[in-house]
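Okay, here's what each chain looks like letter by letter:
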Amino acid sequence: MAGAEKGSPAVIRTEGLTKRYGELTAVDHLDLSVLKGEVFGLLGPNGAGKTTTTLMLLGLTEPDEGQARIGGLDCTRDAIEVKRTVGYLPDNVGFYSAMTGRENLRFTGRLNGLAGTELEEKIDALLERVNMTDAADKKAGTYSRGMRQRLGIADVLMKDPRVIIMDEPTLGIDPQGVRELMWLIRDLAEGDGRTVLLSSHQLHQVQRVCDRMGIFVQGKMIACGTLEELGRQIDHDGVNTLELAAYPDNVKLSGIIKAMNGVMDVEKNSDMYIIHSSFDLRRALSRELAQQGYTIMHLRQAGSDLDEIYRKYFEKEDGQNGTGTDTGKRRESKISHSESAL
Amino acid sequence: MLFEKETADFICGRRMILFVILMGLITVTGFYAAASGLADAIDSGSSSASFLFLKLFTVSANSIPSYNSLMALMGPFIGIFMGFDAIGSERAEGTLNRLVSQPLYRDHIIIGKFLAGLFLAAVMVFSSGLVIAAVGLIATGLVPTAAEAARLLIYLCFCVVYIGLWLAVAVWFSTVCRHAATSALACIALWLFCSIFISLLAGIVADALYPVGGGDMAALMNEMKNYTCEMNLNRLSPYYLFGEATSTLLNPGVRSINAVTMTQLSGALSSTLSVGQSMLLVWPHLTALVALTLAAFAGAYVSFMRQEIRAR
């Protein structure tokens, strides 16, 4: 990865990490590096191998090939040392339902060698931080999913980890909860300088919070980088796509666009023009239209949105593997659209 | 640390009430049987009247089984109830993967669970045994000799090992089975097999191998082999092992647990065995029970260590 060489050293690094389940290769020669203090998103559909990767990072599953290192420690051999510095928030985290939230935290704290007033103070501080002070003394069995997730974060922070791994942290949480969670994750990385690796298939939520992300399909990471880098990787296929809406929307407009240098094709899509060009036209187009007396209502480069990027990658994949899953993916991205609109 | 938590879990859990009730039932029925049967026992055979105190545990009234046989039958239940969802419930609650991501060795988890169960079983068995002894002391006025007390303690240790065996089996099933119900059913099936079916099966196999009846000399010779074979097959079952060992321990009059011919008996003095000699007799049983327990626990341990723990 280009990002790994510059700046601070990689905290999480995997080399040729591979895990097979019989015939199925869940993770296929994964090379990943996550820098200190960044939020890295592992994106991909269900069954892409995200959870398996996180399990291998924690030494809960042995890789068949390659190795994973966190902070210089081998995740398989020094699993205990790794677990001391890495917090793991599993997908759908569970707590002992017969104990209160506070007792659950106390248990984790004691497992991590804390005791006495230090432990109690830490519990109080963390409950405050995740906004669970009111519910702390209720039985964990009565908690809602969002509360469990928040308590899970407090639980992870009990050991004061340098690296936090989260598996589908936003799954099944209401939009308000997701917003709070995202804010909390950002704060963990920026405020505390912790490194966060999160896996998700919910693009919009992740897009807001991640510094860099990797797109994960069938055990392979097919792209990695910041949002812009990912967008550029797609555009380098040769076609640059713009969405445009302008006022007044008259017949001349389409002619002006078509006449511009580099435009390959223009489609009219209800109130929007979709412009395919051989390079980025945004500057030239806005200048041209302003001169001609148009007001630009909407101008957006398609592909700068994660949803688009995601879909394009799947379209590419489908090109190789048949088109069976294409509609499914589109539907999924639509769903995540409407979710984020809530 | 984990041991403390597991013990606390057991004690605070609703299941503990069930254990206490079960244990209380065993104690009360056992004692009731002894109290009502003791007088008859003294009247009928006074040969071993010297060990009356131990009779508290072995005497049964008409239809009420003795403490010892109740323990042989119900002890496994206690072990199974404690262990059948040891790992399964953690997995179902989603706490298992949180637990394994903490900086502790994975074997601590399963060892903690097993030891906590064993500890509680020991506490329950000893308290119930000692309650019977105490109440018996007051009610009957019998004073135990040192030998009797020693036998009693050894007997209670046997009970703990026996329950521990079933606990280990149950923990094993709970790591292998995805659902607690499957694991409980599997344990109960094994328990039924060991306590009922194996004796039927042993009889059938022994009869097939060494047919008796017919009255000729060969059949007569087979009699002994048949009996030995049946017994050895029965001894595969912990239920039988436990029964044999404890009846030897609690009844000093038992001099041999194998078939004895008339020639072997000639010249033997009719007396009771000392504690040491009784122990010698049941030492293989104890070894076998402990070995079975360890084997079952090793099975649980290995399958747990090799298991991949995913989200529920």
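Residues numbered from 1 in each chain as written. Chains lettered and ligands numbered in written order. Predicted model: local features only at pLDDT ≥ 70, side-chain atom pairs only at ≥ 80, totals over all residues.

Draft legend 1. Structural view of the overall build of chain B. Looking only at helices and strands, chain B has 13 helices and zero strands in total. Reading chain B from its N end, one meets helices and strands in the order α-α-α-α-α-α-α-α-α-α-α-α-α. Relative to its full complement of 312 residues, chain B shows a buried share of 38%. In chain B, 81% of the contacts between residues at least 6 apart in sequence involve partners at least 24 apart. (Helix = DSSP H or I, 4+ residues; strand = E, 2+ residues; numbered from the N terminus. Buried ≥ 20, exposed ≤ 12 C-beta atoms within 10 Å, placed from the backbone. Contact = placed C-beta atoms within 7 Å.)

Draft legend 2. Seen up close, the overall build of chain A. Within chain A, the secondary structure is distributed over 13 helices and 14 strands. A buried classification covers 41% of the 342 residues belonging to chain A. Pairs at least 24 apart in sequence give 67% of the contacts found in chain A among residues at least 6 apart.

Draft legend 3. Just the sheet that holds strand 4 (residues 65-70) of chain A, in detail. All names here are of chain A. Read from one edge of the open sheet, four strands run 2-1-4-5, paired in antiparallel fashion. Each having just a single partner strand, strand 2 (24-35) and strand 5 (73-74) make up the two edges of the open sheet. With eight bridges connecting them, strand 1 (residues 10-21) and strand 2 associate as antiparallel partners. In the sheet register, leucine 17 faces strand 2, and the bridge partner there is leucine 30. (Pairing = 2+ DSSP bridges.)

Draft legend 4. View of helix 8 (residues 146-176) of chain B. Counted at 1.5 Å a residue, the expected span for helix 8 of chain B with its 31 residues is 45 Å, and the 45 Å between its end C-alpha atoms agrees. Here helix 8 of chain B lies mainly inside the structure; 23 of its 31 residues are buried. (Expected span 1.5 Å × (residues − 1).)

Draft legend 5. Local environment of the interface of chain B and chain A. Each side of the interface is counted separately: chain B has 20 residues, and chain A has 23 residues. Those elements that provide at least two residues to the side of chain B that touches chain A are helix 1 (2-12) and helix 6 (96-100) of chain B. With three residues, helix 6 of chain B is the largest single contributor of residues to the side of chain B that touches chain A.

Draft legend 6. Highlighting the nonpolar core. Judged by nonpolar contacts, the single largest core of 73 residues is most densely connected at Ile12, Leu58, Ala154, Ile165 and Val196 of chain A. Sequence-distant contacts of alanine 154 of chain A, that is, excluding residues within four places in its chain, are made with Leu105, Leu126, Leu127, Arg129, Val130 and Met132 of chain A. (Core = buried A, V, L, I, M, F, W, Y, C linked by C-beta atoms within 7 Å.)

Draft legend 7. Seen up close, the confidence of the model for chain B. All names here are of chain B. Looking at chain B, the pLDDT average stands at 82 and 91% of residues meet or exceed 70. No element of chain B has a lower mean pLDDT than helix 12 (residues 262-265), at 68, and none a higher one than helix 8, at 90. Reported confidences for the modelled complex are a pTM of 0.78 and an ipTM of 0.76. (pLDDT = per-residue confidence, 0-100.)

Draft legend 8. Structural detail: the confidence of the model for chain A. All names here are of chain A. Taken over all residues, the pLDDT of chain A has a mean of 79, while the share at 70 or more is 83%. Mean pLDDT across the secondary structure elements of chain A bottoms out at helix 1 (residues 2-5), with 40, and peaks at helix 5 (residues 116-129), with 91. Residue range residues 1-7 is modelled with pLDDT below 50. Its contacts to residues more than four positions away, or to other chains, number eight contacts. Overall, residues 321-342 carries pLDDT values under 50, and its contacts beyond four positions in sequence, including any with other chains, amount to 18 contacts.

Draft legend 9. How the structure looks around the packing of helix 7 (residues 106-140) of chain B against helix 13 (residues 275-306) of chain B. Residue and element names in this part refer to chain B. Interhelical geometry of helix 7 versus helix 13 gives an angle of 145° and a closest axis separation of 10 Å. The interaxial crossing formed by helix 7 with helix 13 has right-handed handedness. Counting all contacts with helix 7, which are made through Arg106, Asp107, Ile110 and Phe114, the residues of helix 13 involved are Phe297, Ala300, Tyr301, Phe304 and Met305. Across the contact of helix 7 with helix 13, the residue classes break down as seven nonpolar, no polar and two charged. (Axes fitted to C-alpha atoms, helices over the stretch in contact; angles between N-to-C directions. Left-handed = near helix turned anticlockwise from the far one by under 90°. Nonpolar A, V, L, I, M, F, W, Y, C, P; charged D, E, K, R; others polar.)

Draft legend 10. Molecular detail of the packing of helix 9 (residues 180-209) of chain B against helix 10 (residues 217-234) of chain B. Residues and elements named next belong to chain B. Remark: helix 9 packs on helix 10, axes separated minimally by 8 Å, with the N-to-C direction vectors making an angle of 145°. Viewed along their axes, helix 9 and helix 10 form a crossing whose handedness is right-handed. Residues Ile198, Ser199, Ala202, Gly203, Val205, Ala206, Asp207 and Leu209 of helix 9 pack against Asn226, Cys229, Glu230, Leu233 and Asn234 of helix 10. Class assignment of the residues belonging to the contact of helix 9 with helix 10 gives a composition of seven nonpolar, four polar and two charged.

Draft legend 11. The arrangement of the pairing of strand 6 (residues 86-89) of chain A in detail. All names here are of chain A. The two faces of strand 6 match: Val86 and Tyr88 on one face and Gly87 and Leu89 on the other face are all buried. Examined bridge by bridge, strand 6 and strand 7 (residues 163-167) share four bridges and lie parallel to one another. Residue glycine 87 lies in a different strand from strand 7, and its bridge partner there is isoleucine 164.

Draft legend 12. Fine view of the environment of isoleucine 26 of chain B. Along the chain, the position of isoleucine 26 of chain B falls in helix 2 (residues 14-44). With 114 residues separating them in the primary sequence, isoleucine 26 of chain B and threonine 140 of chain B have C-alpha atoms 20 Å apart.

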